[in-house]
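Each chain is listed here by its residues.
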Amino acid sequence: MATQYEITGASAKGIAASVEQGVVEGALAPGTALPPVRRLAERLGISPGTVATAYKELRRRGIVVTHGRGGTVVAPTPAVASRRPPPVPEGVRDLAGGHPDPAFLPALLPTARLSPGVRSHRAQPRLAGLEELARAWYERDGVPAEHLTFAHGALDCVARLLSVELRPGDAVAMEDPGYHHLLDLIPALGLRTVPVAVDDEGIRPDALRAALRSGARALICSPRGQNPYGGWFSAGRRDALLGVLGEAAGEVLVIEDDHAADVAGVPLYSLTAGGLERWAQVRTVSKHLGTDLRWGALACDRTTLARHDGRMVLTSGWVSHVLQETVARLMTDPETQGLVAAARSAYARRREALLAELSARGVAAHGASGMNVWVPVRDEAAVVNGLRTRGWWVAAGARFRLGAGAGVRITTAGLGVGDAGGLAGIWRGCWGRRRRRMGGRRGFSPPRPFPNRGAAPGPVGAAPQTPFRGSAP
């Protein structure tokens, strides 16, 4: 434990509050070891059982994790202090944020029909016009849309689904590498993460089978535009995954996050059309209509709909009608739809251009769909810092990984086709020479991972790997 912070308290509640305060203030950083139960009990003059109860409460809330004989440490991303990406340095091209190109986003004009006076939003939470548009949006891609509702974005929706379906300690199968906010959300809800390895076709069937056998009660996955790896379900992969889910003992809630539905650049082969008993697909518009539009649509089975809306009516109640009207206008505006089509084509060309330029220089990378490219590396910090000195800013992969090999994520949405060669040339020239000086072969060696962010030992279905004792920005 860091000597700068001293845990206090005479009760389990007081000890837990003291630890939480230390985490919030930054005095107890991620990975900081807490004192053993008996040692802290002796120092505070209380029973070991009181300290153990405090630690149990902190684990339940996702603030600390326990590593067996390794003791109890502050979680890699504690629920009270969710990690943010490092600020973008001045004077560099930002390819780290995962954002769309602003050139393809429409102007967000205030709706012409602001909600007049007082109305019963709880009695009519969804505007009929937008509900009809959302239903057609799903049915266009073959997703059943008989049962449909709205939410305040994907994370809001997923959090609500998991909170009504699962209990603290239940396990959730998650893509590895995967979307970092979802990886942070699971422990914040008091749930356990079971990492599932991915490839260019999304989650691997063997890894999913192992996760379900280990007790996962829910699965969260992306059918296309997977962030950060870029994978997407082929028809064959979709069928194989449905076969694995059909083998599962017990009820499993399958949640698909189709966040890049209109700009992923590939067709949809969704698990939701496979006759699953419990399923949901979440779609949002922030990637193609505007990052400030915190609106999401949810198509799901009847039971999931009832549970989601039952909890929502007790909390936020409804999604703003002004926001709904804005989204509906954009979804029916011909000029906006032209921008979306242009974005879809441009993002595909930009992603494929970088992949081709990297491949031509012997650099393996992944990005079958969406707006990101994942490049396996040995040392994330060296790559990020090296590119920064040459005017490029990319995202270190540590915050996207549970046990997967090291890598960096490059957002290609704002990378012009003509710029791909320059970035790839800097990359290959810099690290190719570096490896030759070290006596290695040209190009990159297989990746090796950073220490795990969570409690799981590594991606289910993957071979054990030796942790790389490094640091990442």
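Annotation of the protein chain in UniProt includes, under Sequence similarities (unreviewed entry), the sentence "In the C-terminal section; belongs to the class-I pyridoxal-phosphate-dependent aminotransferase family."

Visitor: Which residues make up the overall build of the protein chain, and what are the values?
Guide: Helix and strand content of the protein chain: 13 helices and 15 strands. Out of the 473 residues belonging to the protein chain, those deemed buried represent 52%. Within the protein chain, counting contacts between residues at least 6 apart in sequence, those at least 24 apart form 72% of the total.

Visitor: Can you break down the pattern of salt bridges residue by residue, with the values?
Guide: Note that side chains of opposite charge can pair when their charged atoms are close. Summed over all chains, the structure comprises 26 salt bridges. In this structure, R361 engages E357 in a salt bridge whose closest nitrogen and oxygen atoms are separated by 2.7 Å.

Visitor: Can you break down the sheet that holds strand β9 (residues 253–257) residue by residue, with the values?
Guide: The strand order across the open sheet formed by eight strands is β4-β11-β10-β9-β8-β5-β6-β7, and the pairing between neighbours is mixed. At either end of the open sheet lies a strand with only one pairing partner, and these are β4 (148–151) and β7 (202–203). For strand β8 (residues 216–221) and β9, the ladder comprises four bridges, and the chain directions are parallel. Bridge assignment links I220 to a residue of β9, and that residue is I255. Most of the contacts of helix α9 (residues 302–314) go to β4, to which it runs at about 35 degrees, and overall it touches β4, β9, β10 (279–284) and β11 (296–300).

Visitor: Kindly report on empty space enclosed by the protein, identifying the contributing residues and their values.
Guide: Taken as a whole and judged by the stated rule, the model has one cavity of 30 Å³ or more. Within the lining of the largest cavity, the residues separate by chemical class into three nonpolar, no polar and four charged.

Visitor: If you had to explain the packing of aromatic side chains to someone new, which residues and values would you point to?
Guide: By the definition in use, this model includes six aromatic pairs. With 5.8 Å between their ring centres and 90 degrees between their planes, F104 and Y347 make a pair best called edge-to-face. Of the two residues, F104 is situated in the loop between β3 (93–94) and α4 (128–140) and Y347 in helix α11 (residues 334–360); the sequence distance between them amounts to 243 residues. The pair F104 / Y347 is uniform in exposure class, with both members buried.

Visitor: For the packing of helix α1 (residues 12–25) against helix α3 (residues 48–60), give the residues involved together with the corresponding values.
Guide: If you want to describe how two helices pack, look at the angle between their axes and the distance between the axes. Running from N to C, α1 and α3 cross one another at 50 degrees; their axes reach a closest spacing of 8 Å. The orientation of α1 with respect to α3, classified from their angle, is oblique. With respect to the hand of their crossing, α1 and α3 are arranged in right-handed fashion. For the pair α1 and α3, contact is made by A12, I15, A16 and V19 and by T50, V51, T53, A54 and L58, respectively. Residues belonging to the contact of α1 with α3 are distributed by class as follows: seven nonpolar, two polar and no charged.

Calculation criteria
Residues numbered from 1 in each chain as written. Predicted model: local features only at pLDDT ≥ 70, side-chain atom pairs only at ≥ 80, totals over all residues. Heavy atoms only, no water. UniProt positions renumbered as here; feature names shortened; annotations may be inferred. Helix = DSSP H or I, 4+ residues; strand = E, 2+ residues; numbered from the N terminus. Buried < 20%, exposed > 50% of the residue type's maximum accessible area, 1.4 Å probe, protein only. Contact = heavy atoms within 4.5 Å. Salt bridge = Lys/Arg side-chain N within 4 Å of Asp/Glu carboxyl O. Pairing = 2+ DSSP bridges. Axes fitted to C-alpha atoms, helices over the stretch in contact; angles between N-to-C directions. 1 Å grid on protein atoms, 1.4 Å probe; cavity = no way out; pocket = protein on both sides within 12 Å on 5 of 7 lines; lining within 4 Å. Points joined across faces, edges and corners; volume = space filled by probe spheres on them. Nonpolar A, V, L, I, M, F, W, Y, C, P; charged D, E, K, R; others polar. Phe/Tyr/Trp six-rings, centres within 6.5 Å; stacked < 30°, edge-to-face > 60°. Parallel < 35°, antiparallel > 145°, perpendicular 65-115°, else oblique. Left-handed = near helix turned anticlockwise from the far one by under 90°.

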